Amino acid sequence: MRRRDFVIGALALGALPSAPARAAIPSSPGLAALARRTGRYFGCAVKSRQLREDADFTAAVARECDIVVQEYEMKRGTTERKQGRYDFSGTDAIEAFARKHGIGGRGHPLVWYAANPDWLEPALMAGNPRQREKLMTDYIRVAMRRYAGWITEWDVVNEAIEPNDGRPDGMRADNMWLRAMGETYIDTAFHTAREADPKASLFLTDFGLEHDSVRCERRRTAFLKLLDRLMARGVPVDAVGIQGHLKPYKEGFSQKVFADFLDTITGYGLDISICEFDVADRGGPPDPDKRDREVAAFAQAFLDVALDNPATRGVVCWGLSDRYSWLSNYPEYKWPDGQLSRGLPLDAAGQRKPLWRAIAAAFEAAPQMRERKA
């Protein structure tokens, strides 16, 4: 076990952008190669346009990753803008690239409260129970069967909890699926997914489970209580996706608290993945070199614990290069002066930076992953 007593406080310490200078091609192994040595994977979220228009970025993904996930092109607001008319062209392009390079796929997400087409919620609320269920299950079957054999892991239900909404059970109240079908919408989603592709691993995924803070403790409690109910009902959840959006300059981190949470999850017999990893660096020191070192130290403390757990399958970053990070555009995380966030393994020019080395070190020190469930 690595530094389980280590605690870090909140540190006080459209169009594609123009192409940066061409990055030198590293000679050392990529993160995927390091991950595979322990039976794990490393990957990132991508957009098909990035793969089509940015050769340097595409080469970096092929070099560093052995699994990719669609950043937005599997979200239903993109794939089914009109009812029953599907557009999977973005994911098809990602799949073509991935298969060419021997890279696997994750699917994100099948059922989510957000990023849905405008027609879906009115149709859901107007339907009878059978029609409501069909609006969910038809999409799950279409998407999963289309990518069976390439996408081996699916975020079946994403972000089901939100204690701040005030429900006694901690479930997300602002969720059309919950309002229309009750909590058993989750059961229906997972059972349908199991039937649609029996070989795929089925994930329940959420954010805000990582930090040593009141916010995250409330979320961990609600999440585990939900797992209790799902396991009691025999819902076929295979794994938990912990998003891993870290905020080192806002919230602290305790390795012991996080390790205990992961141990509780594995006690259900479930696997774990860190599935949307990045680090928000807003609020850090103005000197980017110093900030990079602090971000890397925080990230490695987190990943050391995650990968010390033999049930953790791997790490997927929400992007690979700072050139394309959502953190640089989201109001809560973007820098007011317009500089790019530095929360991903490669900088805007595609160069490896201290965060890349922290991820590499965590994989190099990790034990072998346990054998997966059949």
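Residues numbered from 1 in each chain as written. Predicted model: local features only at pLDDT ≥ 70, side-chain atom pairs only at ≥ 80, totals over all residues. Heavy atoms only, no water.

Now for the overall build of the protein chain. Looking only at helices and strands, one finds 13 helices and 12 strands in the protein chain. Here the C-alpha radius of gyration of the protein chain, 20 Å, is about what a compact globule of 374 residues would show, namely 21 Å. Classification of the 374 residues of the protein chain by burial places 58% in the buried group. As displayed, the protein chain offers around 15,000 Å² of accessible surface, 52% of which is attributable to carbon and sulfur atoms. A gap of 2 Å separates the mean positions of the 54 positive and 52 negative side-chain charges of the protein chain. (Helix = DSSP H or I, 4+ residues; strand = E, 2+ residues; numbered from the N terminus. Rg over C-alpha atoms; globule rule 2.2 N^0.38 Å. Buried < 20%, exposed > 50% of the residue type's maximum accessible area, 1.4 Å probe, protein only. Areas by Shrake-Rupley, 256 points an atom, 1.4 Å probe, with all protein chains shown as cover. Lys, Arg positive; Asp, Glu negative; His and termini not counted. Charge placed at Lys NZ, Arg CZ, Asp CG, Glu CD.)

If you look at the biggest cluster of nonpolar residues, it comprises 99 residues, and the most contacted ones within it are F42, W154, V157, Y185, I242 and F277. With nine residues, helix α12 (residues 288-308) is the single largest residue contributor to this core. In contact with I242, not counting residues within four places along its chain, are D206, L209, E210, F258, F261, L262, I265, I272, S273, I274, C275 and E276. Counting six residues, the second largest nonpolar core, distinct from the first, contains Y41, V69, V316 and W318. (Core = buried A, V, L, I, M, F, W, Y, C linked by side-chain atoms within 4.5 Å. Contact = heavy atoms within 4.5 Å.)

This part is about the environment of D138. Its place among the elements puts D138 in helix α7 (residues 129-146). Here D138 falls in the partly exposed class, since its relative accessible area comes to 28%. Along the chain, D138 and T192 lie 54 residues apart, while their C-alpha atoms are 9.1 Å from each other.

On to unusual backbone geometry, then. Residues H108 and P109 are joined by a peptide bond in cis, for which omega reads -25 degrees. The topology assignment puts P109 in the loop between β4 (104-107) and β5 (111-112). The phi angle at A115 is positive, at roughly 55 degrees, despite the residue not being glycine. Examined against the element boundaries, A115 turns out to sit in the loop between β5 and α6 (120-126). For E159, which is not glycine, the phi dihedral falls at a positive 60 degrees.

How two helices sit against one another is set out by the angle between their axes and by the gap between those axes. At a minimum axis separation of 9 Å, α7 and helix α9 (residues 185-196) run at an interaxial angle of 30 degrees. Taken together, α7 and α9 sit at an angle that is classed as roughly parallel. Here the hand of the crossing between α7 and α9 comes out right-handed. Each of E133, M136, T137, I140, R141, M144 and R145 in α7 lies in contact with α9, whose residues at this interface are Y185, T188, A189, T192, A193, E195 and A196. (Axes fitted to C-alpha atoms, helices over the stretch in contact; angles between N-to-C directions. Parallel < 35°, antiparallel > 145°, perpendicular 65-115°, else oblique. Left-handed = near helix turned anticlockwise from the far one by under 90°.)

With that settled, the discussion passes to the confidence of the model for the protein chain. In low-pLDDT segments, the atomic positions of the prediction should not be examined closely. When the pLDDT values of the protein chain are averaged, the result is 94; 93% of them are 70 or greater. A low-confidence stretch, residues 12-22 stays under pLDDT 50, and its non-local contacts, those more than four residues away or across chains, total 20 contacts. (pLDDT = per-residue confidence, 0-100.)

Tallying each qualifying case throughout the model produces 16 aromatic pairs. Ring centres 5.1 Å apart and planes at 85 degrees place the aromatic pair F57 and Y324 in the edge-to-face group. Placement of the pair is F57 in helix α3 (residues 55-64) and Y324 in the loop between β12 (312-317) and α13 (354-365), with a sequence separation of 267 residues. Side by side, F57 and Y324 carry an identical accessibility label, which is buried. Note on F253 and F302: the rings are 5.9 Å apart at their centroids and 65 degrees apart in plane angle, and the pair reads as edge-to-face. Placement of F253 in strand β10 (residues 253-254) and of F302 in helix α12 is noted, with a sequence separation of 49 residues between them. When its relative accessible area of 0% is taken as the criterion, F302 is described as buried. In this structure an aromatic cluster arises from ring pairing among Y86, F88, Y139, Y147 and W150. Taking NZ or CZ as reference, R106 lies 4.7 Å from the ring centre of F203, over its face. Across the ring face of Y113, the terminal group of R172 is positioned such that the distance to the ring centre comes to 4.0 Å. (Phe/Tyr/Trp six-rings, centres within 6.5 Å; stacked < 30°, edge-to-face > 60°. Lys NZ or Arg CZ within 6 Å of the ring centre and 35° of its normal.)

Secondary-structure assignment places G208 in the loop between β7 (201-206) and α10 (214-232). In sequence terms G208 and R218 are 10 residues apart; their C-alpha atoms lie 9.2 Å from each other. Here G208 is in contact with R215, C216 and R219, once residues within four sequence places are set aside.

This part is about the environment of E80. As for its placement among the helices and strands, E80 is situated in the loop between α4 (76-79) and α5 (89-100). Given the relative accessible area of 2%, E80 is considered buried. Along the backbone, E80 and R220 are 140 residues apart, and their C-alpha atoms lie at a distance of 33 Å. For E80, the contacting residues outside a window of four places in its chain are R85, Y86, P117, W119 and Y139. One polar contact links E80 to R76, side chain to side chain, over a distance of 2.9 Å. (Polar contact = N/O pair within 3.5 Å; in protein donor to acceptor, adjacent residues only side chain to side chain.)

A few words now on the pairing of β12. Taking burial as the measure, the six residues of β12 include six buried ones, the bulk of the element. Bridge count between strand β2 (residues 41-46) and β12: four bridges; the pairing is parallel. Note on β12: the bridge partner recorded for F42 is V315. One ladder, built from three bridges, connects strand β11 (residues 271-279) with β12; its direction is parallel. The residue of β12 that forms the bridge with I274 is V315. Taken together, β11, α12 and β12 constitute a β-α-β crossover, and its handedness is right-handed. (Pairing = 2+ DSSP bridges. Right-handed = clockwise from strand over helix to strand, strands pointing away.)

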